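Letter by letter, the chains look like this.
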Amino acid sequence: MNRFDDKVVIITGASGGLGHAAAVRLAKEGARLVLVGRNMEKLESAKKDSEKAGADEILIIQADVTREDQVKSMVDETIEKYGRIDGFFNNSGIEGKQNLTENYGIDEFKKVIDVNLNGVFYGMKYVLEKMHEAGSGKIVNTASVGGIRGVGNQSGYSASKHGVVGLTRNSAREYGQYGICINAIAPGAIMTEMVKNSLKQIDAENWEKAGEDFVSVNPMKRFGKPEEVAGVVAFLLSDDADFVNGQVLAIDGGQSSQY
């Protein structure tokens with residue numbers, strides 16, 4: 001029997017990167033999936049790959065997590081189709097433009113906070129309402145190593161991800177008594193399109209060399225893979241993690257342990 005047989009899992013940011021990888025991993029373990037994102041073409045691609053991995057039931061929803069009404073509709077559609085929500089990978093996020101704090105654009109700051117923090121809160125608010133009624137559930141929020149230490153030139157990103165950590169710990173304390181586990185992952189340098197674009201902000205012409213320099217101080221001397229993060233997410237959403245609550249798990253090759 002697979003760990004996610006008959007379990008319903010919502011994944012936001014499912015159109016790429018960590019969300020896409022998590023969808024494929026959970027599909028292999030029998031989950032009934034709800035894939036949420038803004039880009040329908042990429043969502044269709046994630047659905048196709050998840051079906052190849054073994055998923056029988058997949059609902060795709062085009063939604064913007066900064067729109068509270070769309071997040072609520074996402075949850076309502078899931079309940080209407082499946083009648084329950086067992087797991088939620090609250091994953092949508094952006095990095096934003098890099099700059100010193102004094103030069104960081106106010107509109108840019110608001111945009112990053114809106115996606116990375118407000119969007120995570122909206123998802124938790126409406127999913128937790130259903131999990132509270134059911135008396136069970138697992139939530140994994142995507143924070144970042146930028147949410148447990150300063151990273152430089154990323155005021156909006158770091159502030160938003162520290163906020164995700166705070167939301168995770170606060171809600172874990174509130175909902176543990178109701179059979180709900182809420183944890184966060186803190187990925188480091190995982191090779192996704194977002195990280196590639198971040199390296200291009202450092203050096204557009206030689207971003208691959210910038211990447212080599214970036215991971216040179218990592219104990220494992222390499223970037224992580226989305227599939228490696230997906231394995232941790234699957235664990236935290238599974239019954240194997242029934243007594244793991246309020247944790248922020250760094251997935252960064254050991255780099256954060258040096259700080």
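Above this note sits the structure.
This one's a predicted model, so the numbers in the text were calculated from it and none came from an experiment.

Scoring rules and cut-offs
- Residues numbered from 1 in each chain as written.
- Predicted model: local features only at pLDDT ≥ 70, side-chain atom pairs only at ≥ 80, totals over all residues.
- Heavy atoms only, no water.
- Pairing = 2+ DSSP bridges.
- Helix = DSSP H or I, 4+ residues; strand = E, 2+ residues; numbered from the N terminus.
- Axes fitted to C-alpha atoms, helices over the stretch in contact; angles between N-to-C directions.
- Salt bridge = Lys/Arg side-chain N within 4 Å of Asp/Glu carboxyl O.
- Expected span 1.5 Å × (residues − 1).
- Buried < 20%, exposed > 50% of the residue type's maximum accessible area, 1.4 Å probe, protein only.
- Contact = heavy atoms within 4.5 Å.
- Parallel < 35°, antiparallel > 145°, perpendicular 65-115°, else oblique.
- Left-handed = near helix turned anticlockwise from the far one by under 90°.
- Core = buried A, V, L, I, M, F, W, Y, C linked by side-chain atoms within 4.5 Å.
- Phe/Tyr/Trp six-rings, centres within 6.5 Å; stacked < 30°, edge-to-face > 60°.
- Lys NZ or Arg CZ within 6 Å of the ring centre and 35° of its normal.
- Polar contact = N/O pair within 3.5 Å; in protein donor to acceptor, adjacent residues only side chain to side chain.

**Student:** I keep staring at the sheet that holds strand β2 (residues 32-37) and nothing clicks. Help me out?
**Tutor:** Within a beta sheet, neighbouring strands are joined by backbone hydrogen bonds and run either parallel or antiparallel to one another. With respect to topology, seven strands assemble into an open sheet ordered β3-β2-β1-β4-β5-β6-β7, the strand pairing being parallel. One side of each edge strand has no neighbouring strand; the edge strands of this open sheet are β3 (58-62) and β7 (248-251). Mean inter-strand twist for the sheet, computed between neighbouring axes without regard to direction, equals 15°. Across six bridges, strand β5 (residues 137-142) lies against strand β6 (residues 180-187) in parallel orientation.

**Student:** Would you take a moment to explain the pattern of salt bridges for this structure?
**Tutor:** Oppositely charged side chains can pair when the atoms bearing their charge come close. Taken as a whole and judged by the stated rule, the model has 12 salt bridges. A salt bridge links Glu29 to Arg3, with the nearest nitrogen and oxygen atoms 2.7 Å apart. Residue Glu29 is located in the loop between α1 (17-28) and β2, and its partner Arg3 is located in the segment before β1 (8-12); the two are separated by 26 residues in the primary sequence. Where Lys72 meets Asp76, a salt bridge forms, and the shortest distance between an N and an O atom there is 3.0 Å.

**Student:** How should I be thinking about helix α8 (residues 226-237) in this particular structure?
**Tutor:** Between its first and last C-alpha, α8 extends 16 Å over 12 residues, near the 16 Å set by a 1.5 Å rise per residue. In terms of residue burial, α8 counts as a mostly covered element, since nine of its 12 residues are buried. The elements touched by buried residues of α8 are β1, α1, β4 (87-90), β5, β6 and β7.

**Student:** When you look at the packing of helix α3 (residues 68-82) against helix α4 (residues 106-134) in this model, what are you seeing that I'm missing?
**Tutor:** For any two helices packed against each other, one specifies the inter-axial angle together with the distance between the axes. With their axes 9 Å apart at the nearest point, α3 and α4 run at an angle of 30° to one another. In terms of their interaxial angle, α3 and α4 are classed as roughly parallel. Crossing handedness for the pair α3 and α4: right-handed. Residue-level contacts link Glu68, Val71, Lys72, Val75, Asp76 and Ile79 of α3 to Tyr122, Gly123, Lys125, Tyr126, Val127 and Lys130 of α4.

**Student:** What is the right way to read the nonpolar core from this model?
**Tutor:** Generally speaking, soluble globular proteins have nonpolar side chains that are buried together. Ranked by size, the top nonpolar core spans 33 residues in total, and within it Ile11, Leu26, Leu33, Leu35 and Ile185 carry the most contacts. Broken down by secondary-structure element, the contributors of at least two residues to this core are β1, α1, β2, α2 (40-53), β3 and α8. Sequence-distant contacts of Ile185, that is, excluding residues within four places in its chain, are made with Phe89, Val140, Asn141, Thr142, Ala143, Ser144, Val229, Val232, Val233, Leu236, Leu249 and Ile251.

**Student:** Please clarify how the packing of aromatic side chains should be interpreted in this entry.
**Tutor:** Taken as a whole, this structure holds three aromatic pairs when the rule is applied. Arranged with centres 6.2 Å apart and planes meeting at 85°, the rings of Tyr104 and Phe109 form a pair that is edge-to-face. The class for Tyr104 is buried, based on a relative accessible area of 9%. In this arrangement the basic side chain of Lys81 is found over the ring face of Tyr82, its NZ or CZ atom lying 5.4 Å from the centre. Positioned above the aromatic ring of Tyr126, the side-chain terminus of Lys125 is 5.4 Å from the ring centre.

**Student:** Is there a simple way to explain the side chain of Ser158 in this structure?
**Tutor:** Of note, Ser158 is situated in helix α5 (residues 155-175). Accessibility expressed as a relative area gives 12% for Ser158, which makes it buried. A polar contact of 2.9 Å, which involves the side chain of Ser158, links it to the backbone oxygen of Gly146.

By themselves, these are just geometric observations and shouldn't be taken as functional.
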